[in-house]
Amino acid sequence: MASHEALRHLTIGQYIPADSPIHRLDPRAKLLAAGGLIIAGVVASKYSNVLFLALLVAVLVKVAGLRLRSALANLVPVMPVLLVMALLQILFYGGASRSAGPNRLLVEWGLLHISAESVRVIVVTWARFVALFLLITLLTSTTTASALTRGLEGLLRPLDRLHLPGHEIALVGAIALRFLPILGEQLEAILQAQASRGVSESRSRWHLLANARRMAQVIVPLFVDAYHRAEELILAMQARCYHGGKGRTYLIPFRSRPADYVAVILSISLAVLAGVLQYSTLP
Amino acid sequence: MKPYDRAIRRVVIAGLLLAITLLLTFTNVAFIPVPTPAGSATIGHIPAIIGGILEGPLVGLIVGFGFGFGCFMNPLVTAVTNDPLVIWLPRLFIGVTAGWTFALLRRANRRVLAAMLVLLTLLVLYYSYQVGGKILWLGILIAFLAGLGSLALYNWARGEETIVIALAIAGAVGSLTNTVLVLSAAVWRKVAGIGPEVALGIGLTQGIPEAIVSAIVAVAVVSALRQIGKRRGARL
């Protein structure tokens, strides 16, 4: 049950108003900078690089005036499953060699082999996950959904030359972000409704058919609910004669300030640096 | 229906399905524990399949992109590899193949479907003959299972509407696209721990249950949505 309740607190996609240097950045710059940091996070797979990145993102969260605790609280519901997986991977990653080297054996006890490589994989994966998770939370809680949409649209403008629907793609992203918390709440309600009717929470690996059936029972109501919401939204957009972004102007046009350029340049150079460091000789 | 209404419908449905995908992958609801080396089967690709079926390959592509992104954020997946060519690229095609399959089959009649089933059975029987040349009992076992499977499929398909059959096939094809492309990408990029034999093992033990689950869920979801959509001018 506890795992159901935490779904409501999924703060990805929820704006938290404040006046911080990060809140004031141009959304286009924020998107580009986040992209740069995500690339850096994905490329980096050494202790030093990934831990530095996680630290950097944590500092950025502080600068934005968000509470690190509440940002990390989002991770709680997914923890149990992930911990079990991490443990299994540490124990059975295999491929360890007895000689010294990057893949030397740390512990050997019966069937269990813990190698330096498997520990590295797990630590790096976790640090990366936390960093990327915080980064996305940071992006969505310092930028309103409409600003994100407009920022994405602005970045996708070059696509218009190729006759690709940049505005529509940005709108898809905006709708997804807007409905993420709502559907999370809905999923939680479905899970609780079924639990209260006595649907057991068997997560044993061997109950394949039971697991699959349970999944269908959860996912079909979720889809139906989403579809109802979609129909309502479609009707609302048609009633307001929505006809795309062509020729649309804005009350407050974006103006990039020096801070925006600095943020973009810094994050992109970080991404490049991560790529370079990956192939250098640091531990 | 006005020309832009089609576009509005596409954009909104894609947005909602993308939200479901991200929700399922972020909260790990999408990963069902199974007893295989990979540890968990996924249902995160089902929104992409549904998107492809409901609104065409483009919507499927967009939702598949979101699934790739969600997998990228998930440490269950990135612990194995962090290569975007393995994690992200193959998942773009899930909704596309499902959409195409459904577009091809929705108008097909019973005879075409029966012919396809016969063809598939013959292919599997040929494969079992090949295997039987090396290991006799395994070949006989595969042939037996293939015969049983196609009988069961035929029996099931006789009583259903052709659109339901098309939905089930599209769901299975979308899921198999995921399995086959991700595993071949993993072998191609030489991901640690996944050689050709391991990949084949995962593909059989995990790909087939996943395909069956997504066929069932695709039929269940789309049939439920059809009841609503009929009144509101959806394409189905």
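Residues numbered from 1 in each chain as written. Chains lettered and ligands numbered in written order. Predicted model: local features only at pLDDT ≥ 70, side-chain atom pairs only at ≥ 80, totals over all residues. Heavy atoms only, no water.

Student: Looking at this structure, I do not really get the overall build of chain A. What am I missing?
Tutor: Within chain A one finds 12 helices and two strands. The contacts of chain A with a sequence gap of at least 6 include a subset with a gap of at least 24, amounting to 75%. Accessible area for chain A stands at about 15,400 Å²; split by element, carbon and sulfur atoms hold 68% of it. (Helix = DSSP H or I, 4+ residues; strand = E, 2+ residues; numbered from the N terminus. Contact = heavy atoms within 4.5 Å. Areas by Shrake-Rupley, 256 points an atom, 1.4 Å probe, with all protein chains shown as cover.)

Student: Quick question: what am I supposed to make of the overall build of chain B here?
Tutor: Each helix and strand counted, chain B has 10 helices and two strands in total. Ordering the α and β elements of chain B from the N terminus gives α-β-β-α-α-α-α-α-α-α-α-α. For chain B, the proportion of its 236 residues judged to be buried stands at 55%. Put simply, of all contacts in chain B between residues at least 6 apart along the chain, 70% involve residues at least 24 apart. (Buried < 20%, exposed > 50% of the residue type's maximum accessible area, 1.4 Å probe, protein only.)

Student: Would you mind going over the packing of aromatic side chains with me for this structure?
Tutor: We describe a pair of aromatic rings using the distance from one ring centre to the other and the angle between the two ring planes. Residue and element names in this part refer to chain B. Taken as a whole, this structure holds three aromatic pairs over all chains when the rule is applied. Between Phe69 and Trp88, the ring centres sit 5.9 Å apart and the planes meet at 50 degrees, which makes this aromatic pair tilted. With Phe69 in helix H3 (residues 57-73) and Trp88 in the loop between helix H5 (84-87) and helix H6 (93-105), the pair connects residues that are 19 residues apart, well separated along the chain. Ring pairs connect the aromatic residues Phe65, Phe69 and Trp88, which therefore count as one cluster. (Phe/Tyr/Trp six-rings, centres within 6.5 Å; stacked < 30°, edge-to-face > 60°.)

Student: I tried to follow unusual backbone geometry on my own but got confused; where do I start?
Tutor: Residues other than glycine predominantly adopt negative phi, and peptide bonds predominantly adopt the trans conformation. Despite not being glycine, Cys241 of chain A has its phi angle at roughly 55 degrees, a positive value. With respect to the helices, strands and loops of the structure, Cys241 of chain A is situated in the loop between helix H11 (208-239) and helix H12 (258-278).

Student: I tried to follow the side chain of His167 of chain A on my own but got confused; where do I start?
Tutor: All names here are of chain A. Topologically, His167 is positioned in helix H10 (residues 166-196). Residue His167 is classed as buried on the basis of its relative accessible area of 10%. Here Glu153 takes part through its side chain, which lies 3.2 Å from a polar atom of the side chain of His167. (Polar contact = N/O pair within 3.5 Å; in protein donor to acceptor, adjacent residues only side chain to side chain.)

Student: Sorry, what's going on with the environment of Ala186 of chain B here?
Tutor: Position of Ala186 of chain B relative to the elements: it lies in helix H9 (residues 162-188). Sequence separation of Ala186 of chain B and Asp83 of chain B is 103 residues, and the distance between their C-alpha atoms is 8.9 Å.

Student: Even after reading the chapter, I still don't get a nonpolar patch on the surface, so can you show me in this structure?
Tutor: A cluster of nonpolar residues, Ile135, Trp137, Leu141, Phe144, Leu145 and Leu148 of chain B, forms a patch on the protein surface that exposes about 650 Å² of accessible area. With respect to the element layout, Leu148 of chain B can be found in helix H8 (residues 136-158). (Patch = residues over 30% accessible without salt bridge, like charges linked within 9 Å, V, L, I, M, F, W, Y side chains within 5 Å. Salt bridge = Lys/Arg side-chain N within 4 Å of Asp/Glu carboxyl O.)

Student: Could you clarify how one ought to interpret the confidence of the model for chain A in this entry?
Tutor: The predicted coordinates of low-pLDDT regions are not to be read in fine detail. All names here are of chain A. Averaged over all residues, the pLDDT of chain A equals 77, while 78% of them reach at least 70. Here helix H1 (residues 2-5) is the element of chain A with the lowest mean pLDDT, 46, and H10 is the one with the highest, 86. This stretch, residues 1-6, has a pLDDT under 50; its non-local contacts, to residues over four places away or in other chains, come to 13 contacts. Low pLDDT (under 50) marks residues 96-100, which in the prediction has nine contacts with non-local residues, meaning those over four places away or in another chain. (pLDDT = per-residue confidence, 0-100.)

Student: What should I look at first to understand the pattern of salt bridges in this one?
Tutor: When their charged atoms lie close together, side chains carrying opposite charge are able to pair. Within this structure, the stated rule accounts for six salt bridges over all chains. In this structure, the salt-bridge partner of Arg9 of chain B is Glu231 of chain A, at a minimum N-O distance of 3.1 Å. Here Glu231 of chain A lies in helix H11 and Arg9 of chain B lies in helix H1 (residues 3-26), a pairing that spans two chains. Judged by relative accessible area, which is 3%, Arg9 of chain B ranks as buried.

Student: Just checking my understanding: could you explain the nonpolar core for this structure?
Tutor: For soluble globular proteins, the rule of thumb is that nonpolar side chains tend to be buried together. Formed by 77 residues in total, the largest nonpolar core has its most connected members in Leu183 and Phe223 of chain A together with Val12 and Leu16 of chain B. Residues from two domains meet in this core; each of domain 1 (24-143 + 253-283) and domain 2 (165-248) of chain A gives at least three. Sequence-distant contacts of Leu183 of chain A, defined by excluding residues within four places in its chain, comprise Leu222, Asp225, Ala226 and Arg229 of chain A together with Leu16, Ala19, Ile20 and Leu23 of chain B. (Core = buried A, V, L, I, M, F, W, Y, C linked by side-chain atoms within 4.5 Å. Domains from an automatic or database assignment.)

Student: I'm lost on helix H2 (residues 46-55) of chain B in this one. Help?
Tutor: Given 3.6 residues to a turn, an α-helix orients residues that are three or four positions apart in the same direction. Residue and element names in this part refer to chain B. Counting buried residues along H2, 10 of its 10 residues qualify, which places the element largely inside the surrounding structure. Considered for burial, the residues of H2 that qualify are Ile46, Pro47, Ala48, Ile49, Ile50, Gly51, Gly52, Ile53, Leu54 and Glu55. Among the residues trailing H2, Gly56 stands out with phi positive, at a value near 95 degrees.

Student: What is the right way to look at the packing of helix H3 (residues 27-43) of chain A against helix H8 (residues 145-155) of chain A in this model?
Tutor: Axes are the key here: two packed helices are described by the angle between their axes and the distance separating the axes. Residue and element names in this part refer to chain A. Contact pair H3 / H8: the axes reach a minimum separation of 8 Å and the direction vectors enclose 75 degrees. Judged on the interaxial angle alone, H8 and H3 are roughly perpendicular. Facing H3, whose interface residues are Pro27, Arg28, Leu31 and Leu32, H8 presents Ala147, Leu148, Gly151, Leu152, Gly154 and Leu155. Split into classes, the residues belonging to the contact of H3 with H8 amount to seven nonpolar, two polar and one charged. (Axes fitted to C-alpha atoms, helices over the stretch in contact; angles between N-to-C directions. Parallel < 35°, antiparallel > 145°, perpendicular 65-115°, else oblique. Nonpolar A, V, L, I, M, F, W, Y, C, P; charged D, E, K, R; others polar.)

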